[in-house]
Amino acid sequence: MKYTLIFFLVSISVLAQKHKTLVVLVDGIPFDVIEKVSTPNLDAIASDGGFAAAYVGGEKGGVSESPTISAVGYNSMLTGTWANKHNVWGNGIKAPNYAYPTFFQLARAAKPALTLGIFSTWEDNRTKLLGENKAETNHLHLDVKFDGYEKDTVNFPHDANREYIKNIDELVVSKAVESLKGKEAPDISWVYLEYTDDMGHKFGDSPQFYDAVSFEDHLIGNLYETIREREKSLGEEWLVVVTTDHGRSEKDGKGHGGQSARERKTWIVTNQNGLNTRFKSGLAVVDILPSVCRFMDIEIPQEVAGNLDGQSFLK
Ligand SMILES: [Zn+2]
């Protein structure tokens, strides 16, 4: 009887400590736009944790200055370093330096049993940035993956208005929700959504762009509802981080890539409320890797830690 009780208590405490992470990157939404457009679902996440301005682009004028270009920003989020280290300077992703590991790779090395998932409107995120199954990433394996739909022109014929990207974002989130509801929900997942950037490029600062932001907010709400349900029913604790990869041009919001204040100024939303001073001052996209590792209790090898450009915003 006594032993049964102890076993029961130990089981409960193990369950209570089960940590999981969801990182969402929504493409190309400047800080001023996320403030201007009504985003009730992001607000709900922020009210559990926090919302703050952040930056991308490295140190302006310094060695780490990095183009405010999509894949450059994604890889700064994934590796906790700027482009002078991770070596992704554009969307061609010509020669990433895998010596700067992603948090997926650190997770795999430190805790091989953790399951990893990606749900993405761009296949290169898995094949090139995460470097799935490459010798340089120790043949990183993703346990759950839904991506590559942008290459399926039969089911997603490419239209000039990029409706097919909107449809793929929706499908990607529905696949993520399905997976996150299941018993085998990945311990660490990355959801990548593109439609906002397409509307920004096409229409700039416009109702079409703002509508795209609302659309993504709605999808993020579906993800967060699923996670809150799991927290309640399974006693898990989740880290949710939502961010973007760059702002947009001052002039009309169509372009990005430069070092203007609007292109560099982004934002981070999290559901965690144990936030330190970094969250309110100096927060950057490179802080996401150390935060994920802290939350997941993933040990960062000394040689990797010494090269990080970010620091945890979680206490
Ligand atoms: Zn982008």
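All values reported here derive from a predicted model rather than from experimental measurement.

Before going further, it helps to examine unusual backbone geometry. We note that Asn-133 has phi near 60°; this positive angle belongs to a residue other than glycine. Of note, Asn-133 is situated in the loop between helix H7 (124-129) and strand S4 (144-146). A positive phi angle, close to 60°, is found at Asn-138, a residue other than glycine. On the secondary structure map, Asn-138 appears in the loop between H7 and S4. We classify Asn-138 as partly exposed; it has 14 C-beta atoms within 10 Å.

Attention now goes to the nonpolar core. Counting 81 residues, the largest nonpolar core has Val-24, Val-191, Leu-223, Val-240 and Val-242 as the members making the most contacts within it. Element by element, the count of residues in this core is highest for helix H10 (residues 207-234), at eight residues.

Ordered in space as S2-S7-S6-S1-S5-S3-S4, the seven strands form an open sheet in which the pairing is mixed. Strands with a single pairing partner mark the edges of an open sheet, and in this sheet they are strand S2 (50-55) and S4. Taking each pair of neighbouring strands and ignoring which way they run, the sheet shows an average axis angle of 15°. The strands touched by H10 are strand S1 (19-26), strand S5 (188-193) and strand S6 (237-243); relative to S6, the strand with the most contacts, the crossing angle is about 170°. Along the sheet face, helix H12 (residues 288-296) touches S1, S5 and S6 and points at about 160° away from the line of S1.

So, about H10. The end-to-end C-alpha separation of H10 is 40 Å, in line with the 40 Å expected for 28 residues at 1.5 Å each. Every buried residue of H10 is listed here: Phe-209, Ala-212, Val-213, Glu-216, Asp-217, Leu-219, Ile-220, Leu-223, Tyr-224, Thr-226 and Ile-227. Among the residues trailing H10, Gly-235 stands out with phi positive, at a value near 70°.

All right, on to the environment of Asp-217 then. Here Asp-217 lies in helix H10. Residue Asp-217 is classed as buried on the basis of its 22 C-beta neighbours within 10 Å. If we ignore the near neighbours within four places in the chain, the residues touching Asp-217 are Thr-39, Pro-40, Asn-41 and Leu-42.

The topology assignment puts Val-63 in the loop between S2 and helix H4 (70-79). Using a count of 10 C-beta atoms within 10 Å as the deciding quantity, one classes Val-63 as exposed. With 161 residues separating them along the chain, Val-63 and Tyr-224 place their C-alpha atoms 38 Å apart.

Take the environment of Leu-314 next. Considering the arrangement of structural elements, one finds Leu-314 in the segment after helix H13 (302-305). Since 22 C-beta atoms lie within 10 Å of it, Leu-314 is described here as buried.

Let us look at the pairing of strand S7 (residues 265-270). The element S7 is largely enclosed, with a buried count of five among its six residues. With six bridges connecting them, S2 and S7 associate as antiparallel partners. The residue bridging Ala-53 from the neighbouring strand is Trp-267, located in S7. When S6 meets S7, the two strands line up antiparallel, connected through three bridges. In the strand pairing of S7, Val-241 is matched with Thr-270.

Moving on, we come to the confidence of the model for the protein. Residues with a pLDDT of 70 or more make up 95% of the protein, whose mean pLDDT is 95. Residue range residues 11-16 is modelled with pLDDT below 50. Its contacts to residues more than four positions away, or to other chains, number two contacts.

Calculation rules
Counting from 1, residues in each chain are numbered in the order their sequence is written. Selection of residues for local features in this predicted model requires a pLDDT of at least 70, selection of side-chain atom pairs for listing and counting requires 80 or more, and totals for whole chains, interfaces and linings are taken over all residues. Only DSSP runs of H or I with at least four residues qualify as helices, and only runs of E with at least two residues qualify as strands; both kinds are numbered from the N terminus onward. Here the C-beta atoms are placed from the backbone, and a residue counts as buried if at least 20 other C-beta atoms lie within 10 Å of its own, exposed if 12 or fewer do, and partly exposed otherwise. Nonpolar cores are identified as sets of buried Ala, Val, Leu, Ile, Met, Phe, Trp, Tyr and Cys residues joined via C-beta atoms within 7 Å. Following DSSP output, two strands are said to pair if at least two bridges run between them. Simply put, an axis is a line fit to the C-alpha atoms, just over the touching stretch for a helix, and the angle between two N-to-C directions goes from 0 to 180 degrees. By the convention adopted here, residues make contact when the C-beta atoms placed from their backbones lie within 7 Å. What a helix is expected to span follows from its residue count: subtract one and scale by 1.5 Å. What pLDDT expresses is the predictor's confidence in each residue, scored from 0 to 100.

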